[in-house]
Amino acid sequence: MDPASLAVGAAILVLGYLFGRVGRSRRASRTGSPSYVCGCRHHLSLHDPTTGACKASDYSVAQDRYRPCSCQQYIGERPLDLSLIEQQAQRARQAEGDS
Ligand SMILES: [Zn+2]
Ligand SMILES: [Zn+2]
């Protein structure tokens, strides 16, 4: 085997490796991006920020009219409020100071 074909083979290997990496990172960023669509398939911007109620309406084929979406944007247990954690830490600090 002459050195030229070896170099071509190496170049193809490197190119394949690089393209594989690019494709993988592109796929990762696509799946890693946060979803802004609610479970009711409406965008989160259509939901009331305080009540979570969906303001969008869905077309009902059976009733032949638009009906307001009944979604309340319940996404399960919410992570602990940061202010609650801060209160807990403050209480713990006070308890330490008392003793
Ligand atoms: Zn929703
Ligand atoms: Zn909705």
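Analysis parameters
Residues numbered from 1 in each chain as written. Chains lettered and ligands numbered in written order. Predicted model: local features only at pLDDT ≥ 70, side-chain atom pairs only at ≥ 80, totals over all residues. Heavy atoms only, no water. Helix = DSSP H or I, 4+ residues; strand = E, 2+ residues; numbered from the N terminus. Contact = heavy atoms within 4.5 Å. Donors = N, O, S within 2.8 Å, 3.2 Å for Na, K, Ca; no water. Tetrahedral: all angles 85-135°; square planar, octahedral: opposite > 155°, others 65-115°. Buried < 20%, exposed > 50% of the residue type's maximum accessible area, 1.4 Å probe, protein only.

Caption draft 1: Representation of the side chain of His 42 within the structure. Assignment of secondary structure puts His 42 in the loop between helix 1 (3-32) and strand 1 (57-60). Discounting residues that sit within four places of it in the chain, His 42 has contacts with Val 37, His 47, Cys 54, Ala 56, Ser 57, Asp 58 and Cys 69.

Caption draft 2: Broad picture of the coordination of the zinc ion (ligand 2). Protein coordination at the zinc ion (ligand 2): the donors are Cys 40 (SG), His 42 (ND1), Cys 54 (SG) and Cys 69 (SG), at 2.1 to 2.4 Å from the metal. Classification of the site at the zinc ion (ligand 2) as tetrahedral follows from its four donor atoms and the range of 101 to 122° in their angles at the metal. In the primary structure, the donors to the zinc ion (ligand 2) are separated according to the pattern C-x1-H-x11-C-x14-C. The distance between the zinc ion (ligand 2) and the zinc ion (ligand 1) comes to 3.7 Å, with Cys 40 serving as a donor to both metals. Taken together, the residues Cys 54 in the loop between helix 1 and strand 1 and Cys 69 in the loop between strand 2 (65-68) and helix 2 (82-98) connect sequence positions 15 residues apart. Taking relative accessible area as the criterion, Cys 54 reaches 8% and is therefore assigned buried. Residue Cys 69 is classed as buried on the basis of its relative accessible area of 14%.

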